[in-house]
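# Remarks on the overall topology
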Amino acid sequence: MSQSIFKIHPAIGIARVGNSSEYYLAPESIAAMPQPGKPCDPTTGGLPIRPGTEDTIIKSSEFRDACGAFKRQAARFRIFAYPEEAVEKYPAEHGEEIKIGSVINGKKVVDIVWSVHLANKKCSWFANDDDHGAVAYDNGATPTLRNLREGLDPYNGERLKKLIIDAGPRVLKGCDSKASFCPADQASIEKDGEVVPLPDYPVSFPYMHFEALDCPQGRIDTLGEMETDSQGRLIVAGGYGRSNAWKLDAKDKVQINNPVNNDQWFDDTSDGPVNATVQFDDGTTASVFGGWVVVTDPSYAPQTLNVVSLFDEAYDLFLRQLDLDPAIFSDGRFNPDYHPAFDDHIKPIFRATAQQLWNAYLPSFAIDAHKNVDSITADDNPDETILAGLAYIRQPNAGNQASWRSQSIDVGAPLMPLSLGDSSPAGGKPFLSPTVSQYHALHCWSNHQYKISNDKPLGAGEYLDRATLQNCLGGRFSPGIDMTWVIREPSMYVTHWQQGAGPFRIHHKTLDYAAVSNQTLGYKAPLLTLGWIPRHEDVEHLGLEPGDATKFMALPWHADYNSCAIHQTSPNTQDSQTLYWSWPAQRPVTVYTAQDYKDSQIAKDRHGLPPQRYSVRGSGTVPGENSPTDSGNLANAGRFWQYSEMLEKWNDIGVIVQASIIDDGECYPDDVYLEVESKLEGKTPELKQPTPWPMIAGNQTAINKKR
């Protein structure tokens, strides 16, 4: 009888902070693309799911609770069984979800034991080196430490104890069980299928180490909760979007002066491993290839697809470096006979292009152009489309791995995407380009070498892997908004994925939980260490600890979200004042509000759309009013002039959704995406015309805000 391999999907789950105790479930469909199994539904994928349902998407009114608080996004994890002989290739075949009560290989599943460990290591980690990115870790180097006042030795136990938020591990078994990642809920581990309390675990939260804390939205005293549903699936909901700062003395006013690195600040994002053990009715158990959960920023445009997503980055890595599909790429080169699928590899790029118009300020002719890109079908002659083949697509630098000749990526308009790339003179690029794998698929399309549909579709489990990451931002890792450039690092993953784990699975470091029981009642050394360091051969092979995936991100996250609307290029060798978008799919710049759309008193353009507003708007965002030296500068519009404003108002930002789910009693067309549920009020500056386009910052003050 064939044996089964068990895996958790999604391999990397994405939860998001919110200030409500309630949550919705993370989207399990790809943004802007058709929902799986719903061919006649006009509502595209990417929307969150109503808790307690299989796949019922929420309505616009469900992003906030009855009190108006912004709900958290919880990640839902499932277990799939695969025949042992089917795991050496991608996609894996014949995957089957198992739940409590399922029968597999003649044995009934009587229980599932889930283990999760969340932590935040941002304060103890190195500053995000925006000039080098991943290159800053080459040849054994590291950037400067954050919080040098707390010690110069990054490995010092006392330093780590104070600066790491560590909720410890939690274990659940059975259906409808709950646990909290707060000090009042005791840590526990799984042993022989049972929940074993860990009373001596050195739980660590900021208030335990710093007496004088500045808490704009409340004290960080939890990293969230985990629970199982009625079928034994796992749900992980993260923190509440809080930020805390410790004061050096009674008079200290802790500032936020940088979008990425701010000493003395904590936030309650987190990440960590997700593991499971399956128990059968004959007394046997089966181990499961584990997943990972990342708790990150909110998503204010869940149906807007990124041109380059986290999945595109991870897929490119696995394809070109980790033997994902030798039929496409092997021996350092793409197979010349490769035919990408239009529906699976080409159309998502075109859809993502069109979606940007709902989140960025485009003139009328650019709206037409974006819509025309979206209208391209598999039956169209690529040379006769608006793209004229690949004439307007920016090429990545591919070395000798591609059959197409590379061009410079340091070119702005009219090449697409018109978004910024990694901010990194030493290892990045000023403009975003498709990944090498994406561009090669486009190259094949341009040469009429493609098929209409994918004849190797993903199974349900691996589709969850893809959908989860494709709904997140790739490219523009400066440092990013969901995860950063570590998604491109091979050592982060189980590289021998053909041995059962499958691709895109983070390599877990083995932790000695038993060691914490041997400590005295006095000093309790932290279990978590400095952790995984990319490109450091002595440690990178050990795997990731809890907190290692998010520690590279901005601290606090609110500052970077506030900053990254529109910017000059970086590097910017010509001192250009021209502005481009950073993360329009994840960090909307300008929006069409549902209220303006239905207001008959507001004049509409020839597309039937009202004037746009800034997504971040109102008091505290108006250039010239908040800073006399910044009179009307576009580079500083659509964000709070003071970073600290975002710490208290992030949960007031509205959400851009397809009009088909707006439940305000009005009737809208299905093909528009409008902002709803914004609580930002106050004066809204009149949008300046983006002419010439892209936008010129003007008045020589674009450097006032460096990001």
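Residues numbered from 1 in each chain as written. Predicted model: local features only at pLDDT ≥ 70, side-chain atom pairs only at ≥ 80, totals over all residues. Heavy atoms only, no water.

### What about the overall build of the protein?
Applied cut-off: In DSSP terms, a helix is any run of H or I states spanning at least four residues, a strand is any run of E spanning at least two, and both are numbered starting from the N terminus. This radius of gyration counts C-alpha atoms alone. The globule rule is 2.2 Å times how many residues there are, raised to the power 0.38. Exposure is judged per residue with a 1.4 Å probe applied to protein chains only, and the accessible area is read against the type maximum: over 50% gives exposed, under 20% gives buried, and values in between give partly exposed. Working rule for contacts: check all heavy atoms of both residues, and any pair within 4.5 Å makes them a contact. All accessibility values rest on the Shrake-Rupley procedure with a 1.4 Å probe; residue burial counts only the protein chains present in the view. Only four residue types enter the tally: Lys and Arg on the positive side, Asp and Glu on the negative side, with His and both chain ends excluded. Think of each charge as sitting on NZ of Lys, CZ of Arg, CG of Asp or CD of Glu.
Broken down by element type, the protein carries 9 helices and 28 strands. What you see for the protein is a C-alpha radius of gyration of 25 Å, in line with the 27 Å of a compact globule of 707 residues. Among the 707 residues that make up the protein, the fraction classed as buried is 62%. Taking the contacts inside the protein whose residues are at least 6 apart along the sequence as the reference set, 72% of them involve residues at least 24 apart. Accessible surface, the protein as shown: approximately 26300 Å² in total, 48% of it carbon and sulfur. Each charge class in the protein was averaged separately, 63 positive and 90 negative side chains, and the resulting centres sit 4 Å apart.

### As for the sheet that holds strand β15 (residues 243-246)
In plain terms, the rule: Two strands pair if DSSP finds at least two bridges between them.
The sheet built from 3 strands is open, its strands ordered β12-β15-β16 with antiparallel pairing. Each edge of the open sheet carries a strand with a single partner, namely β12 (213-214) and β16 (265-267).

### Section: the packing of helix α3 (residues 342-355) against helix α5 (residues 436-446)
What counts is decided by this rule: For every element, the axis is a line fit to its C-alpha atoms; helices are fit only across the contacting stretch, and the angle between N-to-C directions ranges from 0 to 180 degrees. In these notes the angle categories are as follows: under 35 degrees is roughly parallel, over 145 is roughly antiparallel, 65 to 115 is roughly perpendicular, and the rest is oblique. For this scheme, ten residues count as nonpolar: Ala, Val, Leu, Ile, Met, Phe, Trp, Tyr, Cys and Pro. Four count as charged, namely Asp, Glu, Lys and Arg, and the remainder, Gly too, count as polar.
At a minimum axis separation of 10 Å, α3 and α5 run at an interaxial angle of 105°. The pairing of α3 with α5 is recorded here as roughly perpendicular in orientation. Note on element contacts: α5 touches α3 through Gln438, Ala441, Leu442 and Trp445, opposite Phe342, His345, Ile346, Ile349 and Phe350. Considering only residue class, the contact of α3 with α5 consists of 7 nonpolar, 2 polar and no charged.

### A few points about the sheet that holds strand β23 (residues 578-581)
The sheet built from 3 strands is open, its strands ordered β22-β23-β28 with antiparallel pairing. Sheet topology places β22 (566-567) and β28 (695-696) at the edges, where each strand pairs with a single neighbour. The pairing of β23 with β28 spans 2 bridges and is antiparallel. By the bridge assignment, Thr578 is partnered in β28 with Ile696.

### Here we look at the pairing of strand β4 (residues 72-83)
Every other side chain in a regular strand lies on the same face of the sheet, so the side chains alternate between the two faces. Counted residue by residue, β4 has 12 buried out of 12 residues, so it is predominantly covered. Side-chain alternation along β4 places Arg72, Ala74, Arg76, Arg78, Phe80 and Tyr82 on one buried face and Gln73, Ala75, Phe77, Ile79, Ala81 and Pro83 on a second face that is also buried. Looking at chain direction, strand β1 (residues 4-9) and β4 are connected through 6 bridges and run antiparallel. Within β4, the residue paired with Ser4 across the bridge is Pro83. Judged from the 3 bridges that link them, strand β3 (residues 23-25) and β4 form a sheet pairing that is parallel. Residue Tyr23 lies in a different strand from β4, and its bridge partner there is Arg72.

### What to know about empty space enclosed by the protein
Operational definition: The way it works is a 1 Å grid over only the protein atoms, where trapped points that fit a 1.4 Å probe form a cavity and open points with protein on both sides within 12 Å along at least five of seven lines form a pocket, and then any residue with an atom within 4 Å of a point lines it. Grid points are joined across faces, edges and corners, and a volume is the space filled by probe spheres set on the points.
Counted according to the given criterion, the structure contains 7 cavities of 30 Å³ or more. Here the largest cavity defines a volume of roughly 350 Å³. Every residue lining the largest cavity is counted, 30 residues in all, and those nearest its centre are Val307, Gln356, Pro417, Leu418 and Ser419. Of all the elements in the fold, those that place two or more residues in the lining of the largest cavity are α3 and α4 (364-374). The class makeup of the residues in the lining of the largest cavity is 22 nonpolar, 7 polar and 1 charged. Taken as a whole, the second largest cavity encloses approximately 140 Å³ of empty space. Arg16, Pro27, Gln73, Ser299 and Asn471 are the residues nearest the centre of the second largest cavity, which is lined by 16 residues in total.

### With respect to the side chain of Ser20
What counts is decided by this rule: Residues adjacent in sequence count toward polar contacts only when both atoms are side-chain atoms; beyond that, a polar contact is any pair of N or O atoms within 3.5 Å, and within protein one must be able to donate a hydrogen and the other to accept it.
For Ser20, the position within the fold is in the loop between β2 (12-16) and β3. Overall, Ser20 belongs to the buried group, its relative accessible area being 1%. For Ser20, the side chain forms a polar contact with the main-chain nitrogen of Glu22, separated by 2.9 Å. Other than its neighbours up to four places away in sequence, Ser20 contacts Asp65, Ala69, Phe70, Lys71, Arg72 and Tyr240.

### Focus on the environment of Pro340
With respect to the helices, strands and loops of the structure, Pro340 is situated in the loop between β21 (333-334) and α3. For Pro340, a relative accessible area of 0% corresponds to the buried category. Measuring from C-alpha to C-alpha, the distance between Pro340 and Phe552 comes to 34 Å, with 212 residues separating the pair along the chain. Beyond its immediate chain neighbours, meaning those up to four positions away, Pro340 contacts His345, Ile346, Ala441, Cys444, Gln449, Tyr450 and Lys451.

### Some words on the domain arrangement of the protein
This is how it is decided: Domain extents, as shown, originate in an automatic or database domain assignment. Defined here as a combined quantity, buried area equals the accessible surface (1.4 Å probe) lost by two parts on assembly, summed across both. For this document, the term salt bridge refers to a Lys or Arg side-chain nitrogen within 4 Å of an Asp or Glu carboxyl oxygen.
On domain assignment, one finds that the protein holds domain 1 (4-305 + 470-518), domain 2 (342-447) and domain 3 (569-706). Centre-to-centre, using C-alpha coordinates, domain 1 lies 30 Å away from domain 3. Contacts between the two partners involve 42 residues from domain 1 and, on the opposite side, 27 residues from domain 3. Around 3000 Å² of area is buried between domain 1 and domain 3 when both sides are counted, 57% of it from carbon and sulfur atoms. Contact with domain 3 buries area across many residues of domain 1, yet Ser60, Arg64 and Tyr300 alone supply 24% of it, more than any other trio. The interface formed by domain 1 and domain 3 holds 1 salt bridge in total. Among the salt bridges present, the one from Arg64 reaches Glu677, with a minimum N-O distance of 3.9 Å. Linking domain 1 with domain 3 are 22 residue pairs in polar contact (both at pLDDT 80 or more). For the side of domain 1 that touches domain 3, the residue count by class is 20 nonpolar, 17 polar and 5 charged.

### Description of the confidence of the model for the protein
Heads up, the condition is: Within a predicted model, pLDDT stands for the predictor's per-residue confidence, ranging from 0 to 100.
Of all residues in the protein, 91% attain a pLDDT of 70 or more, and the chain-wide mean is 91. Across residues 701-707 the pLDDT falls below 50, and counting only partners more than four positions away or on other chains, this stretch makes 30 contacts in the model.

### Remarks on the nonpolar core
Spelled out, the test is: As used here, the term nonpolar core means buried Ala, Val, Leu, Ile, Met, Phe, Trp, Tyr and Cys residues forming a set that is joined through side-chain atoms within 4.5 Å.
Ile79 and Trp114 are the most contacted members of the largest nonpolar core, which totals 97 residues. Per-element tally for this core: the top contributor is strand β7 (residues 107-120), with 5 residues. If you look at the next biggest cluster of nonpolar residues, it comprises 45 residues, including Phe318, Val436, Ile506 and Trp532.

### Here's the deal with α5
Across the 11 residues of α5, 11 count as buried, placing the element largely inside the fold. Within the span of α5, buried status applies to Val436, Ser437, Gln438, Tyr439, His440, Ala441, Leu442, His443, Cys444, Trp445 and Ser446. Those residues of α5 that are buried lie in contact with α2 (310-321), β21 and α3. At the C-terminal side of α5, His448 shows a positive phi close to 60°.

### Remarks on unusual backbone geometry
Here the amide bond leading from His9 into Pro10 is cis, since omega sits at 0°, within 30 degrees of zero. Structurally, Pro10 is set in the loop between β1 and β2. Backbone torsion omega between Leu555 and Pro556 reads -15°, so that peptide bond is classified as cis. By secondary structure assignment, the location of Pro556 is in the loop between α6 (460-470) and α7 (557-563). Non-glycine residue Gln264 carries a positive phi angle of around 75°. When you line up the elements, Gln264 lands in the loop between β15 and β16. A residue is classified by how much of its surface remains accessible, and Gln264, at 10% relative accessible area, is buried. Residues other than glycine seldom take positive phi values, yet Arg535 does so here, at roughly 65°. Here Arg535 lies in the loop between α6 and α7. For Arg535, a relative accessible area of 31% corresponds to the partly exposed category.

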